[in-house]
Amino acid sequence: MKGTHDTIVILDFGGQYCHLISRRIRDMGVLSEVLPSDTKASVIAQNPNIKGIILSGGARSVHDSNAPKFDAKVLNLGLPILGICYGHQLIAHLSGGKVVRGASGEYGLMNLAVSKGQHTLAKVGKSTKVWMNHGDVVTKLPAGFEVLASTEHSKIAAYANTKKKIFGVQFHPEVTHTKKGSLMLANFVKNITHAKPSRSKAFLVDEIITEAKMTMGKERAIIGLSGGIDSSVAALLVSRAIGKQLTAVYVDTGLMRDRETEYIKKMFARAKLDLKIIDAKKEFFAGLAGVTDPETKRKIIGTLFVRIFEREAIKAKAQWLIQGTIYSDRIESGLTKHSSNIKSHHNVGGLPKDLKLKLYEPLRDLYKDEVRALARTLKMPLEITTRQVFPGPGLAIRVLGEVTPEAVETVRHATRIIEDELRNTKYWKKIWMSFAVFLPVRSVGIQGDERSYKHPLVLRIVESDDAMTANFAKLPFPILERISTRITNEIKAVNRVVYDITNKPPATMEWE
Ligand code: XMP
């Protein structure tokens, strides 16, 4: 991020979507850099490339004693500033306005009534849908500020101080639910900060290959290949960088998708990859026996993976472990200073402290759709690039309660049915993930004129662009009915099927 390119700085107050702001700016071809919330104004002032500053959202209230620290002198640098959610409240609070702890916060999609369609809201129209996620509200503006738009609960949902070039929005323009969000961010970046684009949108194949070469030099590496797009892309890029110094290891945990091992063999048969397949089913089921807590499951799985990789690394004389970790894995594992731990993605929070290998994650700053674009640039088979996402801990986090081989097989079988029924419909393309979840409770049913007392399965079918937010798929009832009938007919252990109609947030896509 060094050099002489125009840059937008994002100060990170710990919001789940902070990095997404940076990604949206990257999409405009403009460089952006995420810095800690307490970055000194003097540090920013020293860098003439910085054309604007965005204050991100965050989980705290400006009134909290443990609110993230901020150097208020940043507001007087004369640079254009945009506050988002917490940032919007913080600017108002520090400039003499009033922020009230919200008894009536807003969560979800709201209608924004635009009273002054200028500045950040230029060309947005009179009314548009915006996505809100806040408790506190700005109730009084500081002197010199004017309201640009409101919602039912936030009379000051967007403001401007044109003299000081300071702007705020209570909603999140960076999430795709905010219909005109990209336009609003572009209004700020292009028309207010006048930052110039400096890179093409074309993906960073060369940059990553060069970085990988420089990082590993002549040393050997192993990569955990899961069959998912992230590790496949990482494997291909790193193998282009260091060739035969790389060994790919696929661990069959017994928790993988249906016929995954065959798929891996077929997909990578033609790639010039040194591929090793390890059967570790017994090790994983033994490690998980009796465990019901979701975080403990993830940590056990993460540790088992790493121990296996360490064993294989010794055999391959490798010093490096490469992972296909992407940005959303890291943010949900609470890796930035103020973000909270939603769930420990097995390949992030699950890594043991005494890892005996050096870790390299070439995709660490990218989002899923960016990785997909990268895969297309690399001309990977359509089967890989359009594949549904699958969580690293596998079906263990789709079996609530104890993970037994029988329950895992039930989920696998039901997921196959769901996919069979959806694949040839027009809905398939829009679906991010479609799977079944096993619940460790039982309910009464009637099957073949007899009472049954068996487990229910949950159908979880969601649409998403970037995994940060998601909506449940509004599928027609006849499709859901076909899936339900097939599951209760074909799977003996199940007598009830329910459909999960929760979006993310408040739920996550997975149940654990
Ligand atoms: P959630 O459940 O957090 O999932 O809404 C977002 C996306 O991430 C996947 N996921 C994981 N992927 N390791 C992974 O590699 C994990 O521990 C993990 N947990 C969730 C999930 O399948 C969804 O696509």
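Criteria and cut-off values
- Residues numbered from 1 in each chain as written.
- Predicted model: local features only at pLDDT ≥ 70, side-chain atom pairs only at ≥ 80, totals over all residues.
- Heavy atoms only, no water.
- Salt bridge = Lys/Arg side-chain N within 4 Å of Asp/Glu carboxyl O.
- Helix = DSSP H or I, 4+ residues; strand = E, 2+ residues; numbered from the N terminus.
- Buried < 20%, exposed > 50% of the residue type's maximum accessible area, 1.4 Å probe, protein only.
- Phe/Tyr/Trp six-rings, centres within 6.5 Å; stacked < 30°, edge-to-face > 60°.
- Core = buried A, V, L, I, M, F, W, Y, C linked by side-chain atoms within 4.5 Å.
- Domains from an automatic or database assignment.
- Contact = heavy atoms within 4.5 Å.
- Pairing = 2+ DSSP bridges.
- Axes fitted to C-alpha atoms, helices over the stretch in contact; angles between N-to-C directions.

Colleague: Sorry, what's going on with the pattern of salt bridges here?
Modeller: Any two side chains of opposite charge can pair if their charged atoms end up close together. Applying the stated rule across the entire model yields 32 salt bridges. The residue aspartate 369 makes a salt bridge to arginine 23 at a minimum N-O spacing of 2.8 Å. Placement of aspartate 369 in helix 11 (residues 368–377) and of arginine 23 in helix 1 (residues 18–27) is noted, with a sequence separation of 346 residues between them. Aspartate 369 sits in the partly exposed class, given a relative accessible area of 26%. On the basis of relative accessibility, which here comes to 6%, the residue arginine 23 falls in the buried class. The closest approach of N and O atoms between glutamate 312 and lysine 276, which form a salt bridge, is 2.8 Å. Residue glutamate 312 is found in helix 9 (residues 294–316), and its partner lysine 276 is found in strand 14 (residues 274–279); the two are separated by 36 residues along the sequence. One salt-bridge network, held together by shared partners, links Asp420, Glu421, Arg482, Arg486 and Glu490.

Colleague: What exactly am I supposed to notice about the packing of aromatic side chains here?
Modeller: Geometry of an aromatic ring pair is reported as the spacing of the ring centres plus the angle between the planes. Per the stated rule, a full pass over the model turns up seven aromatic pairs. Judged by centre distance (5.2 Å) and plane angle (40 degrees), the ring pair of phenylalanine 13 and tyrosine 86 falls under tilted. On the criterion of sequence distance, the pair formed by phenylalanine 13 in the loop between strand 1 (7–12) and helix 1 and tyrosine 86 in helix 3 (residues 86–94) is long-range, its members being 73 residues apart. On the numbers, 6.2 Å between centres and 85 degrees between planes, the contact of phenylalanine 472 with tyrosine 499 is edge-to-face.

Colleague: Would you take a moment to explain the nonpolar core for this structure?
Modeller: Among soluble globular proteins, nonpolar side chains are generally buried collectively. If you look at the biggest cluster of nonpolar residues, it comprises 46 residues, and the most contacted ones within it are Ile222, Val251, Leu255, Phe284, Leu422 and Ile487. Counting residues per element, the ones that place at least two in this core are strand 13 (246–252), helix 8 (281–288), helix 9, helix 13 (405–423), strand 17 (433–438), strand 19 (450–463), helix 14 (477–490) and strand 21 (494–499). Both domains that meet at this core, namely domain 2 (201–385) and domain 3 (399–499), each give it at least three residues. Ignoring anything within four residues of it in the chain, the contact list for isoleucine 487 reads Ala414, Ile417, Leu457, Leu459, Val494 and Val497. Core analysis: the next-biggest nonpolar cluster, separate from the first, contains 39 residues, Val205, Leu236, Val238 and Leu374 among them.

Colleague: Honestly, unusual backbone geometry in this entry has me stumped. Any pointers?
Modeller: Among all residues save glycine, negative phi is the norm, and among peptide bonds the norm is trans. The peptide bond linking lysine 504 to proline 505 adopts the cis configuration, its omega dihedral lying at -20 degrees. Turning to its location among the elements, proline 505 is positioned in the segment after strand 21. One non-glycine residue, cysteine 85, adopts positive backbone phi at about 55 degrees. By the secondary structure assignment, cysteine 85 is in the loop between strand 4 (81–84) and helix 3. The backbone phi angle of lysine 165 is positive, close to 55 degrees, even though this residue is not glycine. Within the secondary structure, lysine 165 is located in the loop between strand 10 (158–161) and strand 11 (166–169).

Colleague: Could you clarify how one ought to interpret the sheet that holds strand 12 (residues 221–224) in this entry?
Modeller: The strand order 14-13-12-15-16 describes an open sheet built from five strands, whose pairing is parallel. Each having just a single partner strand, strand 14 and strand 16 (358–360) make up the two edges of the open sheet. The average undirected angle you get between the axes of adjacent strands in this sheet is 30 degrees.

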